Amino acid sequence: MDEEDQEGPRDVVSGSGGLWDHVHLSTDHHTEDEGSHQEPPLPPDLDWLEELSEEDDGDGDLVVEADYGQKRSYAETARMFKLRRNLDQLDSFHRQKEHDVLRAREELKLCRENVKSLEEQRDTLEEKIDQQKAADNSVAVFRLRTQHKHLCQKLQSEEELEGHLNIELKQLKLELNEVEMELSRFSSLRQEVQEEERLFQDLKVQKAATRLQQERQATQNLQLKIRHLKDKQVTMKKKEELECQRKIEERQANRKIATKYLKETIKRMHQEEAEKEEQKRQLLEKRIQAVKSLKANIAATQESLRIQQNRAKANAQEKEEQQKQLRKSLEAQGINSIRHMHQQKQLETIKQKQEEFEERQKSKKVIVAKIIQEEQLVKSRKRHQAKLPNISSTDKLSSLGRVRDNLLHYLDPRPPSATEERATAWRETSGISSSSSASSDGEDPEENMRQEVDHLSPADSLAQPEFSGLWDEKYKSPLNLKTTLVQTEVKQEEAALSSGKLNVPVKKVHGKELKGPPFISKPEVLLFKDFEVQKIYKKKIVLTNTSYITNHCKLVGVSAQLKDSISINFEPPGSLPAGMSCDVQAVFQPMINEDLEGDVHFSSAAGPFSVPVRCTIKKCELVVDSELVDFGSHVVGQTISRTITLTNKGALATLFSLDTSTWLSPESHHVQMPSQVSHAHTCQETSSQNTTCGIQKSSEEIQTKQESQELCEASQQEKPDEESEVLAAGPQAIPEACVSTNAEPQVDECPEDTCDISLGNVREGEIGPFESIKLEVVFTPTVPGEAKLDFHIKFSNQSSKPIPIYVRGIAVSIPVWVVQPTVDLKICMFNRLYQDTVVVHSRASTALKVTFDVCPEMRKHMEILPKTGFIQAQSSLNAQLKFLPRRSLSKDVKKYFDSDTGVLEVPVTVQVAGQVQPVHFTVQAVVTSSDLQFEQTEVDFGVCSIYQSVKSSIRLTNLSLLPQDFGFLGVPEFIEVQPNDGFGTLLPQQTLDMDLIFSANKAREYNFQLTCKSGINRDFLLSCRAVGVCPPLELSHSLIQFGATALGDYSTTIIDLINPHVNRNQSKQSVTPVIKDVKTPEAPRLFSFTLPEDSDISITPSAGRLLPGQRCQVQVTFRPRLLEHEIREEVLRVLHRAKLLREKELEMNRLSEQETTKEIPVEPSKGKKTSTNLKNSKMSDDPKTDQQSESSNPVDIQPGSEQYEQARASLLCSFTQRCSDFIVPCFISEGDPPDDDRQAPPAWSAFNTLYLKLQCPAVQPSLMGISNNGHNIIDFHQVAVGQKVIKKFTIQNISNESLDLRTSVLDIHGPFSLLNAPRCMRPGEKHTLLLALSPGLEKTYCETLDIHDHKMTLEVTLRGEGVVPAVTSSHPGGLLDFGCVLEKESTSQVLKLQNNSTVAVGFMALLASLSPSRLQGGADSVAVLLGGYADSQVQPIVGTQNYSGLSVFSVVPVEGSIAPGQSQDITVTFQPDHPSVNYSDKLTIQLMNKSKVCVMDLKGAASSHNTYLYGGDALTVPIESLLPPLITSQTQPTAESEVMSDPSIPVLVSLRALCSGGAITPAVRELQVGCIRSTQSNKKSGEFYWENVASLQQQGFSIEPSKGTVEAGHTRTIRVTWSPQSGYKPYEVVQTCVPLTVKGDERNIYRVTLMALVSNSAD
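If you're wondering where the values come from, they're calculated on a predicted model, not measured in any experiment.

Engineer: I would appreciate a short explanation of the overall build of the chain in the present structure.
Structural biologist: The helix and strand tally for the chain stands at 22 helices and 79 strands. Taking the intrachain contacts of the chain between residues at least 6 apart in sequence as the baseline, contacts between residues at least 24 apart amount to 73%. Of the roughly 99,300 Å² that the chain leaves accessible, carbon and sulfur atoms contribute 51%.

Quick look at the structure:
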């Protein structure tokens, strides 16, 4: 109601109030309409008044009931509010009108004041003018008259405004009066509404009182509830305070205890950190040593790999040469070499397969041995479990299943799938669980577990607290009654675990996606490491709710393989908010000594989750800190020792021994002595109680060990025989092969007894869990040379493999030596100084004099300072090596320097005083040049316009083996070096392409040099030259960058070509650009743009002539399109793809036919027939493929074909982008052609050429026209003038986003029109545009329709031709008389229309009686009657009509179309339903362009009998009466009626004889007697005769014939002639009456009255 009240006043104020007299507002609920009085319709702004008068009574569905029992309907309430709203609107409208009147009065008052002031100013000016005239001041008079004129104009406009305001004020006063009248009319209604509002207000007050009483009662009840809640809260708060106080006390006590143990923990952590730092320092030292040894091994390995690659290449070349020689020898012998070699390959393949078969047989023997061993293990296990009663059958099945799985694994070496692994693990676990469950002796497993836990002491459990003593004080049993219930639930929900449906689905909670499990566990993996059988382990898990909602947690169970070993104690905590956690206790009691894995499954509201469980047995994990011990070089007689640390990282003890034998057989991998066998079991039992000690080995050390093993394997692959043996033995035998190959030569060369390297005292012993043992290796050199020793550390544990140890040492006898025997200076440049340090050590106990001796050839390039020095005892001397290679190095040192490779190797000798053998070391270096070389020494840019830039490419090469920085410095302003502005870095031997861009700023010659400076401050010069010219014309822009233009769209830009009208004292650059100081003449210039071939560029105008100082605008248009060859290639690809699919389908059909022929047995004769049929089918398929191949010729692909358009559409949809650059030259002439020969070509100069660069990017279109074969041209062809032809054009959105389309506006006076508007198109959607052509003139039309979106514009060309139709009719027009017919019968006539034009023409047949514009109700008849009827021949266009309402005249067809050169028959039928002679109508044949072919007046008569009389004068008007047909007069002139009141029918014939010049011309009239041919009448002919003919002759009348017969379908003319007799008096009327009898199917008598007179006029 509020919205209606707000909207109402605006509606009333905005309307006009000029029709208030017609407003009728009724307060009644029902209104009665009277036929005699109808009120005029209300204006649109006052429709609400009509709504009030037309309101209906409500049915009382919504009734408001008051306390006192009165009822008020919803309709009455709504009507009251509506009346109030409308009355308020009326009041607002009245106030608005009052405001308008006041405003108009103020404006009129202001206007009158302005007029008064202007009149005063006018009077003043007139006085001034008179004064100036008297003073004879013409200038002032002229000025004052001008002011007077302007003032008069202003006064006139103000007076006009005053009149306009006066009229407006009167109109507003009139409207205000009308509004006040309406207010007075609605005064009673206002009082009624006020009374209803008062009653409604009283009702609201009563309701408010009732509601207030109810609210008070509800408030009292609420206060009572609040009081009870407060009391309850006080009680709860007291309880919470007590509970909080108790918790605080407990927390303080626990905090004291925790603080005590926290200090101990921190102290222990500090100690552990110090130990770790020490371990890290030792580990870093070991890594450094390992890296050094690894570098030496890598170098050796690379050398061996290089040798192997060379050997493999040589073998391959040798094999190819052998094959070539074999092929030549076979061809010389006349044998087919290809066939022979193919047979040889087949024989080799067969031989290889035989060898593989033998290997498989051998492996099967090994498999059988393993199966036998597995069966023995199973039997021993059964014997071990024989003491247990009631062995279940599942144990047997599981063991057999394991044996079968092992057999399948050995026979099929493929890795098992995840499903097989799970199945195997389940079978193994089920077997273990069955064996463990069988040991219960029929007791309840839960009771046994409870008893074991009750008797278990805290010391026996591995789940100990971090602070000792916490569980000693308050130790409670971890099991209770609830855990028993949980274990029962675990057994019941094992079926849910087997289903495997515990994957955590991704859920959304509160709009957030929940990733991962709803609960996380701490620890993430429940790990029981190094467990012992029959012992109990406990661990605690904390589950934390990580979901976004309040969640609950429920234990589902554990995995099947863990259900006999692990029990979960879990008390469901109920609902947990996000972030809260609960505790779970896991008790693990292993029954078998095997690794176990599984999960503990839980369920929650957000989905299931699980905690993984890992249980591992005690194992041995043995490592050494270094497998390679390198003593280095030592003097003979010294004793050096190294230690190897053997560490056991596992929890299982084992025995070890050091073995120096050269070969390790598989049986000897594990050492087991009689004493060790008895002691092994005790080691396993006590290993769990040992403390952890030793050093943890890092991952880098383990990786170093593996790399050293790989290098060892690579070094052993040099021998192909040994390599094949190692590969045949399998992957497990590779390390054994390495050990064996390394060990054999060591034993021969250096046996353990005679070798300088020996082992320490500890050669065997026991290593406990988490222990480390130091193994000593001693090196005592006795003889100078290299000493080696390889040995292995063997272990009694079968799962531990032997560890090989390699020991190396070198014994030397020289006291003085150089630390680096080779000084490598790397890569050096000529004329650059390089330095290094040479360190010389001395082992002697006294000081020694040393002298450095450099060969004489190198003394110009190398120097060592000091040349002579003293080394103190047990010390070293540092000498400085200086190397400065010069350009003469290749000539001076030919012996040590290779000029091709640049490698320099110089031996240097160190002479030691008192030592016969000198010390030698070598200095190595690669000497290279520091030159940068240009590919060309001079760059010639040629002729360059001052408006253009010329680019030239150069190549800069770095001849050095080192990278060099370079840069072009001091570059002139008219030159630019790219890329990177001429700066960069050249890699060794790299050649870089660089661009020099020259832009002349003046017209002159340029000679300059570019300086390229290298990083070592060397300069390299490049000479450049160019000639700058100034063309006579200039372009406003030399570079045009088009925007991204879609295919089918276009981009246009306009540039200016200018011929500057300035005299330049510059050189005329004609043929010889060197000539200077010649003025350029001002003359007209011709220009011509030359476009590249197959480009999408168009330039308008492309050629022209410019006068001096003239400017020409040049339009450059870019229209991207698909290239012709791209479309043809796409067609070929599509055809080729279709051909391949067809061939594949044919091949599949052949294969299916062959399979069917194989499956169905066929008789031999029938088989022959089918084969012939198959051949025939193949033969029939070949021509198709031939035809397809023939059609795939690119020349045969015609533009516009279906394949062509499909390929074009496919390319448009897959088009990405294309960027093209074009350079368009503009040639400029030297001037106009010579005057004597204007046809001669003008002189052109290449130096005056301008260049325009275009950058044209093309992108994929967003719109594509898919109708009209993809063409954007809609041709309506020839259309008749005035006719409308509609065609459709379909577009498709091929982009990935929605497009909002809009179109350009077509010419509103043109013939083309768009019938539907475009709309928003989604991706891939299609839309059809309806375009119409309606030509108005005979000419050719062409117009462009642009379809726009935010990306492109699709241009559609509309074409059509207007043709004037040429249609002729067989009837020329005028009267078309159907004669007389019997009533209710019909007659027809046929018209023929001939189309002589070249287009199809539409036509329409229009009857005047059926025209909607014809006046109804006999108005045309009244016009005839009132128009002064005088002539009996005057009749209306539309005459008498049928009583039935059907048209008297009908036309078939009413409309249609005539094809070019064809004709159309039109049938006009006359069918009356009552007798009359006044039937008439008008037929118009009209074309679609409103032009008329012919207009015919249709006329006919009807009679009730087959004979009739026609003629004479009309006795009545030529139309029927206006009265309804039922009371129309029955008498018709000259025609019979069905009911005749008189025995005869009156007929009047008037005759006028003409008297001129005293001579009288007889008067002649004719009557027609006719007989109608009809099937209804039995009589086929009629007859007539006159009576009393003799009496007529006496009065001068003569009738011919007086009697006769009339055949059916014919008429007889009766001629009546009158000549005045003698004695005739002027102006006397001769009158007589004669009966005429006409016989047909009935006899009719006509009473013919003949009236004759003589007249002087021709009328």
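Engineer: Please explain the pairing of strand S64 (residues 1401-1407) as it appears in this structure.
Structural biologist: Burial runs high along S64: six of the seven residues are buried. Two strands pair when backbone bridges link them, and S64 and strand S66 (residues 1455-1458) are joined in this way by four bridges, in the antiparallel orientation. Its bridge partner being in S66, Gly1402 is matched across the sheet by Ser1457. As paired elements, S64 and strand S68 (residues 1476-1487) share five bridges and run antiparallel to each other. Paired with Ala1405 across the strands is Ile1485, a residue of S68.

Engineer: I would appreciate a short explanation of the nonpolar core in the present structure.
Structural biologist: In a soluble, globular protein the nonpolar side chains are often hidden away together inside. Residues Leu1057, Phe1089, Val1116 and Leu1254 are the most contacted members of the largest nonpolar core, which totals 37 residues. For this core, the secondary structure elements donating two or more residues are strand S44 (1051-1058), strand S45 (1085-1089), strand S46 (1097-1100), strand S48 (1111-1118), helix H18 (1124-1159), helix H20 (1202-1214), strand S49 (1217-1228) and strand S50 (1250-1259). Take this core: its biggest share by element is five residues, from S50. When neighbours within four sequence positions are excluded, Phe1089 is seen to be in contact with Leu1035, Leu1057, Ile1099, Pro1101, Ser1102, Val1114, Val1224, Pro1225 and Cys1226. Val850, Leu889, Leu904 and Val908 belong to the second largest nonpolar core, which has 36 residues in total.

Engineer: Quick question: what am I supposed to make of the packing of aromatic side chains here?
Structural biologist: One pair of aromatic rings is described through two measures. These are the centre distance and the angle between the planes. Within this structure, the stated rule accounts for 23 aromatic pairs. Aromatic pair Phe528 and Phe588: ring centres 4.9 Å apart, planes at 35 degrees, arrangement tilted. Separated by 60 residues along the polypeptide, Phe528 in strand S6 (residues 526-531) and Phe588 in strand S11 (residues 581-588) bring together distant segments of the chain. When its relative accessible area of 4% is taken as the criterion, Phe528 is described as buried. A centroid spacing of 6.3 Å and a plane angle of 35 degrees characterise the contact between Phe1597 and Trp1618, whose relative ring orientation is tilted. With Phe1597 in strand S75 (residues 1597-1600) and Trp1618 in strand S77 (residues 1611-1618), the pair connects residues that are 21 residues apart, well separated along the chain. Of the two residues, Phe1597 and Trp1618, neither departs from the other in class, the shared state being buried. Three or more aromatic residues link up through ring pairs in this structure, and these residues are Phe941, Phe974, Phe998, Tyr1006 and Phe1008. Cation over ring: Lys539 sits above Phe528, and NZ or CZ is 5.6 Å from the ring centre.

Engineer: Got a minute to help me understand the confidence of the model for the chain in this structure?
Structural biologist: Low-confidence regions, as indicated by low pLDDT, have predicted coordinates that should not be scrutinised in detail. Across the chain, the average pLDDT comes to 76, with 74% of residues at 70 or higher. Taken as a whole, residues 1415-1433 scores under 50 in pLDDT and shows 15 contacts with residues more than four places along the chain or in a different chain.

Engineer: Can you walk me through the packing of helix H4 (residues 138-185) against helix H5 (residues 187-333) in this structure?
Structural biologist: Any two packed helices are characterised by how steeply their axes cross, that is the angle between the axes, and by the distance between the axes. Remark: H4 packs on H5, axes separated minimally by 4 Å, with the N-to-C direction vectors making an angle of 50 degrees. In terms of axis orientation, H4 runs oblique to H5. Here Leu183, Ser184 and Arg185 of H4 lie close against H5, whose contacting residues are Ser187, Ser188 and Arg190. The residue inventory of the contact of H4 with H5, partitioned by class, reads one nonpolar, three polar and two charged.

Engineer: Just checking my understanding: could you explain the sheet that holds strand S62 (residues 1374-1382) for this structure?
Structural biologist: Strand order in this open sheet of five strands is S62-S69-S68-S64-S66, and the pairing throughout is mixed. Sheet topology places S62 and S66 at the edges, where each strand pairs with a single neighbour. Ignoring which end each strand starts from, the neighbouring axes of this sheet average 25 degrees apart.

Engineer: Help me understand the pattern of salt bridges, please; the structure alone is not making it clear to me.
Structural biologist: Two side chains that carry opposite charge are able to pair once their charged atoms sit near each other. Summed over all chains, the structure comprises 43 salt bridges. For Lys535, the salt bridge is made with Glu532, and the minimal N-O distance between the two is 3.3 Å.

Engineer: Would you take a moment to explain a negative patch on the surface for this structure?
Structural biologist: Where like charges cluster on the molecular surface, the negative patch consists of Glu119, Glu120, Asp123, Glu126, Glu127, Asp130, Glu159 and Glu160. Among the elements of the structure, helix H3 (74-135) and H4 are those that each provide at least two residues to the negative patch. Residue classification places Glu127 among the exposed residues on the basis of a relative accessible area of 52%.

Engineer: What is the right way to read H5 from this model?
Structural biologist: Residues three or four positions apart in an α-helix share a direction because the helix packs 3.6 residues into each turn. In a regular helix each residue adds 1.5 Å, so 147 residues correspond to 219 Å; H5 covers only 138 Å between its end C-alpha atoms and thus falls short of that length. One or two steps after H5, the chain reaches Gly334, where phi turns positive at roughly 85 degrees.

Engineer: Even after reading the chapter, I still don't get the packing of H3 against H5, so can you show me in this structure?
Structural biologist: Between H3 and H5, whose axes approach to 10 Å, the crossing angle comes to 130 degrees. The pairing of H3 with H5 is recorded here as oblique in orientation. Taken as a pair, H3 and H5 cross one another with a handedness that is left-handed. Where H3 abuts H5, its residues Thr77, Arg79, Met80, Phe81, Leu83, Arg84, Leu87 and Asp91 lie against Leu189, Arg190, Glu192, Val193, Gln194, Glu196, Glu197 and Phe200. Residue classes in the contact of H3 with H5 are distributed as seven nonpolar, two polar and seven charged.

Engineer: Whenever I open this one, the sheet that holds strand S7 (residues 537-545) confuses me. Can you help?
Structural biologist: Strand pairs in the sheet, formed through backbone hydrogen bonds, run parallel or antiparallel to each other. Strand order in the open sheet formed by four strands is S5-S7-S11-S9, with antiparallel pairing between adjacent strands. Pairing within the sheet leaves two strands with one partner each, and these edge strands are strand S5 (519-522) and strand S9 (566-569). Recorded for the sheet is a direction-independent mean angle of 30 degrees between the axes of neighbouring strands. Where S9 meets S11, four bridges bridge the pair, whose relative direction is antiparallel. Following the sheet pairing, Ile568 is matched in S11 by Ala586.

Engineer: I would appreciate a short explanation of the environment of Ser1313 in the present structure.
Structural biologist: Mapped onto the fold, Ser1313 is located in strand S56 (residues 1312-1314). Along the chain, Ser1313 and Leu1330 lie 17 residues apart, while their C-alpha atoms are 8.6 Å from each other. Setting aside chain neighbours within four positions, we find Ser1313 in contact with Leu1306, Leu1330, Leu1331 and Ala1332.

Engineer: It is not clear to me how unusual backbone geometry should be interpreted in this structure. Could you clarify?
Structural biologist: What is expected of a backbone is that most residues other than glycine have negative phi and most peptide bonds are trans. Here the amide bond leading from Lys522 into Pro523 is cis, since omega sits at 5 degrees, within 30 degrees of zero. Positionally, Pro523 belongs in the loop between S5 and S6. For Gln874, which is not a glycine, the phi torsion comes out positive at approximately 50 degrees. Its location among the elements puts Gln874 in the loop between strand S28 (868-871) and strand S29 (876-883). Overall, the relative accessible area of 55% leaves Gln874 in the exposed class. Phi is positive for Gln989, close to 60 degrees, though the residue is something other than glycine. Within the secondary structure layout, Gln989 lies in the loop between strand S37 (983-986) and strand S38 (991-998). Among the residues examined, Gln989 registers a relative accessible area of 45% and is labelled partly exposed.

Engineer: Honestly, the pairing of strand S12 (residues 596-604) in this entry has me stumped. Any pointers?
Structural biologist: Where a strand is regular, its side chains alternate between the two sheet faces. Pairing between strand S8 (residues 551-558) and S12: five bridges, direction antiparallel. Bridging across to S12, Cys553 finds its partner in Ser604. Bridge analysis of S12 against strand S13 (residues 609-617) gives seven bridges, and the strand direction is antiparallel. Bridge pairing links His601 to Ser610 in S13.

Analysis parameters
Residues numbered from 1 in each chain as written. Predicted model: local features only at pLDDT ≥ 70, side-chain atom pairs only at ≥ 80, totals over all residues. Heavy atoms only, no water. Helix = DSSP H or I, 4+ residues; strand = E, 2+ residues; numbered from the N terminus. Contact = heavy atoms within 4.5 Å. Areas by Shrake-Rupley, 256 points an atom, 1.4 Å probe, with all protein chains shown as cover. Buried < 20%, exposed > 50% of the residue type's maximum accessible area, 1.4 Å probe, protein only. Pairing = 2+ DSSP bridges. Core = buried A, V, L, I, M, F, W, Y, C linked by side-chain atoms within 4.5 Å. Phe/Tyr/Trp six-rings, centres within 6.5 Å; stacked < 30°, edge-to-face > 60°. Lys NZ or Arg CZ within 6 Å of the ring centre and 35° of its normal. pLDDT = per-residue confidence, 0-100. Axes fitted to C-alpha atoms, helices over the stretch in contact; angles between N-to-C directions. Parallel < 35°, antiparallel > 145°, perpendicular 65-115°, else oblique. Nonpolar A, V, L, I, M, F, W, Y, C, P; charged D, E, K, R; others polar. Salt bridge = Lys/Arg side-chain N within 4 Å of Asp/Glu carboxyl O. Patch = residues over 30% accessible without salt bridge, like charges linked within 9 Å, V, L, I, M, F, W, Y side chains within 5 Å. Lys, Arg positive; Asp, Glu negative; His and termini not counted. Charge placed at Lys NZ, Arg CZ, Asp CG, Glu CD. Expected span 1.5 Å × (residues − 1). Left-handed = near helix turned anticlockwise from the far one by under 90°.

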